[in-house]
Amino acid sequence: MVNTAPLVMRLVGSSIKIAHRAGHIIRDVMCRGDLGIVEKGKDDLQTEADRSAQRCIVASLSKQFPNVTIIGEEGPSDLNVPDDWLITESNTEFLEKHKCPETLADLKESDVVIWVDPLDGTSEYTQGFLERVTVLIGIAINDRAVGGVIHQPYYKAETGDIGRTIWGLKGCGTGGIAPVKPPSDRFLVTTTRSHSNGIVQSALDALAPDEVLRVGGAGYKVLQLLEGKAHAYVFASAGCKKWDTCAPEAVLEANGGTLTDMLGRHYRYGKDVSFPNSSGVLGTVAGVSHDDVLSKIPETVKQAMNVA
Ligand SMILES: Nc1ncnc2c1ncn2[C@@H]1O[C@H](COP(=O)(O)O)[C@@H](OP(=O)(O)O)[C@H]1O
Ligand SMILES: [Mg+2]
Ligand SMILES: [Mg+2]
Ligand SMILES: [Mg+2]
């Protein structure tokens, strides 16, 4: 069953297992205490956890799927990893319980690009906002984000378990979370905590939300949408990259939501696209009209974001 399942099912099933292992590495680095911080650019940090988690993810995926294109935030990785970082299994529960959508049943590895953000919310990780850290593995097929995994290594379940893994596959659904609808009498928006600017703020002002949640991480903001804590994720800035949004877009849309740029266009995730999401990010949860939110975004913001 496991090895004979359609490619896209094996990709999601394996990503669930691999993201879980990467989450373990992220917690281990924090426990050891030396984060090995490198400044890649302005407001842009990398730690030993980003580097090691990416090596685990890319080594494991490329071993299982040698002809898939894999693009990781931290650039080319040394794939010579310790044996216990190499995950070669799939999540059997996912494979046994879910059927492959017909439209995705017949794919070749060369149709697939996987976008890896080994640690989304690095700034939050270094500052101790650990719940907002996620591992993102996004699966793009023929240019579109169709599947993904958002693993939250520091999530605390009521059972006392640490960590959870949310998956999504368009045409199949989502798992690992019981989505909650946001309140119907208030309009709540989630946005960046550490990468704001004047244009980001003017998009927020135009929506006149009852509350703005400022939290780090593209993955965590999409989880807030699924948890009913916000109606929309609004980020009118070029700061996010394809690895930040591929998995969140697929998970949100598999659940009936929408994630586009600030002009309502879906990003393309083929292997030759440029990394920056130059036209910002606008996400809305199922039940909220994406077009309504889009229509309130001022023309000045749309013009500033219309660079692609
Ligand atoms: N101005 C900027 N410069 C660099 N990275 C940015 C950025 N704005 C957003 N990002 C990246 O987008 C992700 C989500 O940002 P935010 O937390 O501000 O919403 C983070 O991913 P990483 O933590 O994986 O690098 C962050 O680095
Ligand atoms: Mg980063
Ligand atoms: Mg990121
Ligand atoms: Mg990252």
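As annotated in an unreviewed UniProt entry, the chain carries the name 3'(2'),5'-bisphosphate nucleotidase 1 and is attributed to Anopheles stephensi. Comment text from UniProt for the chain, heading Sequence similarities (unreviewed entry), reads "Belongs to the inositol monophosphatase superfamily." UniProt, in the comment section headed Cofactor (unreviewed entry), describes the chain in these words: "Mg(2+)".

J.: How should the site of ligand 1 be read in this particular structure?
T.: Taken together, 18 residues sit near ligand 1, with Thr122, Thr192, His195, Gly216 and Gly239 positioned nearest. Breaking the shell around ligand 1 down by element, the ones donating at least two residues are β4 (112-120) and α4 (122-127). Per-class residue counts for the shell around ligand 1 are 2 nonpolar, 10 polar and 6 charged. Viewed by domain, the shell around ligand 1 spans two of them, domain 1 (2-175) and domain 2 (188-305), each represented by three or more residues.

J.: Would you take a moment to explain unusual backbone geometry for this structure?
T.: Negative phi is the rule for most residues except glycine; trans is the rule for most peptide bonds. Of note in this structure, Asp43 is not a glycine but carries a positive phi near 50°. Positionally, Asp43 belongs in the loop between β1 (38-41) and β2 (44-46). For Asp43, a count of 11 C-beta atoms within 10 Å translates into the label exposed.

J.: Which parts of the structure should I look at to understand the nonpolar core?
T.: Within soluble globular proteins, side chains that are nonpolar tend to cluster in buried spots. Residues Val8, Val12, Ile137 and Ile139 are the most contacted members of the largest nonpolar core, which totals 84 residues. Looking at which element gives the most residues to this core, the answer is helix α1 (residues 7-32), with 13 residues. Of the residues that make up this core, three or more belong to each of domain 1 (2-175) and domain 2 (188-305).

J.: Is there a simple way to explain the sheet that holds strand β3 (residues 69-72) in this structure?
T.: The strand order across the open sheet built from 6 strands is β3-β4-β5-β6-β7-β8, with neighbouring strands paired in mixed fashion. Pairing within the sheet leaves two strands with one partner each, and these edge strands are β3 and β8 (173-175). Looking at each pair of strands side by side, their axes are set apart by 15° on average, direction ignored. Both β3 and β4 contribute to a ladder of 4 bridges, which runs parallel. Counted as the bridge partner of Ile71 is Trp115 from β4. In the packing of α1 onto the sheet, the strands contacted are β4, β5 (134-141), β6 (144-156) and β7 (162-169), and the crossing angle to β6 comes to about 30°.

J.: Before we go on, may I ask you to explain the pairing of strand β9 (residues 188-191) in this structure?
T.: Regular strands show a simple pattern: their side chains alternate between the two faces of the sheet. Note: β9 against strand β10 (residues 211-214), 4 bridges, orientation parallel. Its bridge partner lying in β10, Val189 is registered against Val212. Each parallel crossover has a hand, and the one from β9 via helix α5 (residues 198-207) to β10 is right-handed. The pairing of β9 with strand β11 (residues 232-235) spans 2 bridges and is parallel. Within the sheet, the bridge partner assigned to Val189 lies in β11 and is Ala232.

J.: What's the story with the domain arrangement of the chain in this structure? I'm lost.
T.: Reports of interface size often rely on the accessible area that becomes lost once the parts have come together. The domains assigned to the chain are domain 1 (2-175) and domain 2 (188-305). Averaged C-alpha coordinates put domain 1 and domain 2 at centres separated by 21 Å. Contact with domain 1, which involves 38 residues of that partner, is made by 28 residues of domain 2. Broken down by secondary-structure element, the contributors of at least two residues to the side of domain 1 that touches domain 2 are β3, β4, α4, β5, β6, β7 and β8. It is β6 that contributes the most residues to the side of domain 1 that touches domain 2, 8 residues altogether. Looking at the side of domain 1 that touches domain 2, its residues break down into 17 nonpolar, 12 polar and 9 charged.

How each quantity is defined
- Residues numbered from 1 in each chain as written.
- Chains lettered and ligands numbered in written order.
- Predicted model: local features only at pLDDT ≥ 70, side-chain atom pairs only at ≥ 80, totals over all residues.
- UniProt positions renumbered as here; feature names shortened; annotations may be inferred.
- Near = placed C-beta within 6 Å.
- Helix = DSSP H or I, 4+ residues; strand = E, 2+ residues; numbered from the N terminus.
- Nonpolar A, V, L, I, M, F, W, Y, C, P; charged D, E, K, R; others polar.
- Domains from an automatic or database assignment.
- Buried ≥ 20, exposed ≤ 12 C-beta atoms within 10 Å, placed from the backbone.
- Core = buried A, V, L, I, M, F, W, Y, C linked by C-beta atoms within 7 Å.
- Pairing = 2+ DSSP bridges.
- Axes fitted to C-alpha atoms, helices over the stretch in contact; angles between N-to-C directions.
- Contact = placed C-beta atoms within 7 Å.
- Right-handed = clockwise from strand over helix to strand, strands pointing away.

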